[in-house]
Amino acid sequence: MAARHTLAALGLTLAAQLALADEHAPVAAPAPAVGDSWTYQYTDVWKGAKGNLNRVEVTGVDAAGVHVDIKRAASGALIGKQLFSAEMNPVDRGAMHFAPAFARYAFPLTPGKEWTTDATGDNPKSGKHWRYRIKGKVLNWEKVKVAAGEFEALKLEVEALYHGEEPNSPGGSGQLTETLWFVPEVNNFVKLDYRDTDWNGRIFNRDSWELTAFVRK
């Protein structure tokens, strides 16, 4: 009888451990739908000044990826269109086009996962081209509080070394770092911190985006 009680207790302990593991199962790729939207508060961290409050709205999902409109949250005025891959990795960011997509994510996501990819970035209007060496890693789950609420998020860090294609010129080269908090039920990040340094290691851009509201269809 005592042995049966012991086995039962072990079974309950194992079930509890499995339940805890399921709570943080690997995160699958998001599945955005037309009508989904995310509103972000932009802040220029370098200047310590808040900027625009913009809404990102999904207008189409097809073989090319996820099409979005960028609008002013207050007026609804359209300020741009962008394209993301099915995994919500940037493809077209206004004037910048990435090929393949900038690998911000590599689903499924789980703590400890790392990835390395290459991409090119083209700005047709300026006629400039860059090459990117992207390294991403998943850190861990943590609670994060933003204007849209408090969430349990998966924290990621993405670093990209980039250089201009003009020969024998360091101009246009540097390293960017994104630290972001991805929340599965939001289908996107709720916070993103961005830092950009030049080829001498001097920081010249520091920005952040925090979620203030979202809609899922």
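Here we summarise the structure given alongside this text.

Calculation notes
- Residues numbered from 1 in each chain as written.
- Predicted model: local features only at pLDDT ≥ 70, side-chain atom pairs only at ≥ 80, totals over all residues.
- Heavy atoms only, no water.
- Pairing = 2+ DSSP bridges.
- Helix = DSSP H or I, 4+ residues; strand = E, 2+ residues; numbered from the N terminus.
- Axes fitted to C-alpha atoms, helices over the stretch in contact; angles between N-to-C directions.
- Phe/Tyr/Trp six-rings, centres within 6.5 Å; stacked < 30°, edge-to-face > 60°.
- Lys NZ or Arg CZ within 6 Å of the ring centre and 35° of its normal.
- Salt bridge = Lys/Arg side-chain N within 4 Å of Asp/Glu carboxyl O.
- Buried < 20%, exposed > 50% of the residue type's maximum accessible area, 1.4 Å probe, protein only.

Taken in spatial order, the 12 strands close into a barrel running S1-S2-S3-S4-S5-S6-S7-S8-S9-S10-S11-S12, and their pairing is antiparallel. Between one strand axis and the next, the sheet turns through 25° on average, direction left out of account. As paired elements, strand S5 (residues 90-93) and strand S6 (residues 96-99) share 2 bridges and run antiparallel to each other. Following the sheet pairing, Asp 92 is matched in S6 by His 97.

Our next topic: the packing of aromatic side chains. On inspection of all chains with the given rule, the structure shows 10 aromatic pairs. A connected cluster of aromatic rings, assembled from ring pairs, spans Phe 98, Phe 102, Tyr 132 and Tyr 162. Lys 191 extends its terminal NZ or CZ atom over the ring of Trp 181, reaching a point 5.0 Å from the ring centre.

By the definition in use, this model includes 7 salt bridges. Between Lys 137 and Glu 157 there is a salt bridge, with the nearest N and O atoms lying 3.8 Å from each other. Pair noted here: Lys 137 is in strand S8 (residues 128-146) and Glu 157 is in strand S9 (residues 149-164), with a separation of 20 residues, a long-range link. A relative accessible area of 33% places Lys 137 in the partly exposed class. Taking the shortest distance from any N to any O, the salt bridge between Arg 202 and Asp 198 comes out at 2.9 Å. With a relative accessible area of 13%, Asp 198 lands in the buried category.

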